Each structure stands twice: as structure tokens, then as C-alpha cells.
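Spelled out, the chains give:
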Amino acid sequence: MSTALPVVRARWCDIGRIADLVAEALAPTALAAWLVPDTSRRLPVLAAVARIWTEHALLFGDAFLLPDGSAATVWFHRYRPIPAPHRYADRLAGVAGPDGDRFRRLSAELAARRPAEPHNHLALLAAPRGGATQALSAAQRRMDTLSLPTYAHTCAGEQAEELLRRHGYAERETFAAPDGTPVRSLWRSAPFHGGNDRWRSRRAARRERDGHAAGWAAR
């Protein structure tokens, strides 16, 4: 039996909170240091860019928070092509300044690797102080009601990858982000179409370990 806490669907007023969680979770990573080399600017720039993508997800997907606001997931419903965020180039230049080109390079690389078939895309997973397991478990159950595969990519290390694997994701490929950070793309088959019963029995038999997680989005 799952012990995951329920999640609440994010509203427009939650965007700032989610952006701050993403920035806090991502800031200690090597990828964040490459995206924003200036440590004094790193947190505010990461939060500002995350805000753009979280706003976009509320228009073309979903975002969920643990009830205490300590962890979040951000998803895009990729049933069809999704446009870039409104005035993205101008907004990115305004919030990222000289670092904007690095964000564009990362977004282009992630977008080029994303599957073409319809799926739900776990674009951001942020749990800087724990709660990643609960946040992902509950949000994944909501995504499963749509009976589509789900896709994620992780550049936050082995702990985030292990968490996704425990939730039924399998590796599709590994590639390098523009800074050289290995990025693992993972795919979870649609529920009710086979392949998940065995995963459910394995998961029920093993003890889960919570963790901290971070991710990044691309259009």
C-alpha cells in the first residue's frame, strides 16, 4: 500500500513558491553553476527562469505541491506540439541577462532529445529539503489517470535517477548537457497497457528511501 501524501494542484498564486523550490534544489548542482556562474545572482536568476516555465505549465500542463509546500512537480501535457512561453526570448533576456544563452542552449538540447510520441512530461521535480518520494508518487498517480506514458530527464545525479526508477521509469538514453553534465532520459509506460504490474509488486516489497531532487524544463 502506498504511503504517499496527497498533493494539491497548484494555482497561479503558487508559482512563486514553486519557482523558489526549483531554484533552491538546483542551485547546488554543477549544471546550475554553469547556467549562472555568478553565485550572487544564481538563486534569483534560477527562480526567475523557473517562474517562466511554471507559468507555462499551468497553461499547458499541471503542477502539484505537497500540502505543506515543501516539494513540487511540474508537468507538461505533450499530446501535441506546445509553443514556447509567451515572449520567451524577451523575458529570458530580462531575467537572465548575459546568462540567457546558456539557458537557451540547454533548452534546445533537451527539446531535441524529447520523445515525439504523445506523453506527459515531468519537467521539474523540486524537493530541496526532502519529500521527493511523496511528491512524485502522488503526482504520478494523477498523471496515470490520463493513461499516457510519462517522460523525465534528470541531471541531478544518481539519487534522482533512482527515485524515478523506483516509480517505474526505465532509461531511454544518456546524453551530455552543454556543460558536459550527463543527462539521463527516462520513460514510464502508460498504465493499463502492460509493464507496470511487475513494477508494482517489486515496489511494494522494497522499502522506499526519500530524497532531494531537482530538474529542469525545456520547450
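Counting starts from 1 at the beginning of each chain's written sequence and moves along it residue by residue. Side-chain atom pairs in this predicted model are given and counted only at pLDDT of 80 or more, local residue features only at pLDDT of at least 70, and totals for whole chains, interfaces and linings cover all residues. Neither water nor hydrogens contribute to the side-chain values; these are computed over all heavy atoms in the structure.

Enquirer: Can you tell me about the overall build of the chain, naming the residues and giving the values?
Expert: Secondary structure counts use DSSP, requiring at least four H or I residues in a row for a helix and at least two E residues in a row for a strand, with both numbered from the N terminus. A count of helices and strands for the chain gives eight helices and seven strands. Only protein chains enter the accessibility calculation, which uses a 1.4 Å probe. A residue is then buried if its area is under 20% of the maximum for its type, exposed if over 50%, and partly exposed in between. Counting across all 219 residues of the chain, residues that qualify as buried make up 53%. Look at the contacts in the chain between residues 6 or more apart in sequence, and 78% of them connect residues 24 or more apart. Computed by Shrake-Rupley with a 1.4 Å probe, the accessible areas treat only the displayed protein chains as cover when residues are assessed. When the accessible surface of the chain is totalled, it reaches about 10000 Å², and 52% of it is carbon and sulfur. Residues are treated as being in contact if the distance between any of their heavy atoms lies within 4.5 Å.

Enquirer: Requested: an account of the environment of Ala33, with residues and values cited.
Expert: As for its placement among the helices and strands, Ala33 is situated in helix 2 (residues 30-35). The sequence separation of Ala33 and Asp179 amounts to 146 residues, and the corresponding C-alpha distance is 9.6 Å.

Enquirer: If you had to explain the packing of helix 1 (residues 15-26) against helix 3 (residues 39-60) to someone new, which residues and values would you point to?
Expert: All axes here are fitted lines through C-alpha atoms, helices being fitted over the stretch that makes contact, and every angle between N-to-C directions spans 0 to 180 degrees. At a closest axis distance of 8 Å, the pairing of helix 1 and helix 3 adopts a crossing angle of 130 degrees. Comparing their axes, helix 3 and helix 1 come out oblique. Like other packed secondary-structure pairs, helix 1 and helix 3 cross with a definite hand, here right-handed. In contact with Ile15, Gly16, Ile18, Ala19, Asp20, Val22, Ala23, Glu24 and Leu26 of helix 1, helix 3 contributes Leu43, Leu46, Ala47, Ala50, Arg51, Thr54, Glu55 and Leu58. Throughout, the ten residues Ala, Val, Leu, Ile, Met, Phe, Trp, Tyr, Cys and Pro are labelled nonpolar, Asp, Glu, Lys and Arg are labelled charged, and all others, Gly among them, are labelled polar. In terms of residue class, the contact of helix 1 with helix 3 is made up of eleven nonpolar, two polar and four charged. Roughly parallel means an angle under 35 degrees; roughly antiparallel means over 145; roughly perpendicular covers 65 to 115; every other angle is labelled oblique. Left-handed describes a crossing whose near helix is turned anticlockwise from the far helix through less than a right angle; right-handed describes the clockwise counterpart.

Enquirer: Could you give an account of the pattern of salt bridges, with specific residues and numbers?
Expert: Every case where a carboxyl oxygen of Asp or Glu lies within 4 Å of a side-chain nitrogen of Lys or Arg is listed as a salt bridge. Applying the stated criterion to the full structure yields 16 salt bridges. Between Glu173 and Arg113 there is a salt bridge, and its shortest N-O distance comes to 2.9 Å. Of the two residues, Glu173 is situated in strand 6 (residues 170-176) and Arg113 in helix 5 (residues 100-113); the sequence distance between them amounts to 60 residues. Judged by relative accessible area, Glu173 falls into the partly exposed class, the value being 24%. Put simply, Glu161 and Arg165 hold a salt bridge, and the shortest N to O gap is 2.8 Å.

Enquirer: How would you summarise the side chain of Thr154 if you had to cite specific residues and measurements?
Expert: The topology assignment puts Thr154 in strand 5 (residues 150-154). Discounting residues that sit within four places of it in the chain, Thr154 has contacts with Ala160, Glu161, Leu164, Pro182, Val183, Arg184 and Leu186.

Enquirer: With reference to specific residues and values, describe the packing of helix 3 against helix 4 (residues 88-96).
Expert: Running from amino to carboxyl end, helix 3 crosses helix 4 at an angle of 160 degrees, the nearest separation of the two axes being 9 Å. Here helix 3 is positioned roughly antiparallel relative to helix 4, judged by the angle of their axes. The crossing of helix 3 and helix 4 is right-handed. For the pair formed by helix 3 and helix 4, the contact residues are Arg41, Val45, Ala48, Val49, Ile52, Trp53 and Glu55 on the first element and Tyr88, Arg91, Leu92, Val95 and Ala96 on the second. Considering only residue class, the contact of helix 3 with helix 4 consists of nine nonpolar, no polar and three charged.

Enquirer: Give me the packing of aromatic side chains: which residues, what numbers.
Expert: Two aromatic rings are characterised by how far apart their centres lie and by the angle between their planes. Here a pair means two rings of Phe, Tyr or Trp (six-membered ring of Trp) with centres within 6.5 Å. Their orientation is stacked below 30 degrees between planes, edge-to-face above 60, and tilted elsewhere. Scanning the entire structure with this criterion turns up two aromatic pairs. Arranged with centres 6.2 Å apart and planes meeting at 90 degrees, the rings of Trp53 and Phe76 form a pair that is edge-to-face. In this pair, Trp53 is assigned in helix 3 and Phe76 in strand 3 (residues 72-78), connecting sequence segments 23 residues apart. Phe76 shares its class with Trp53; the two are buried. Among the aromatic residues, those joined into a ring-pair cluster are Trp53, Phe76 and Tyr88.

Nothing here speaks to function; it is geometry throughout.
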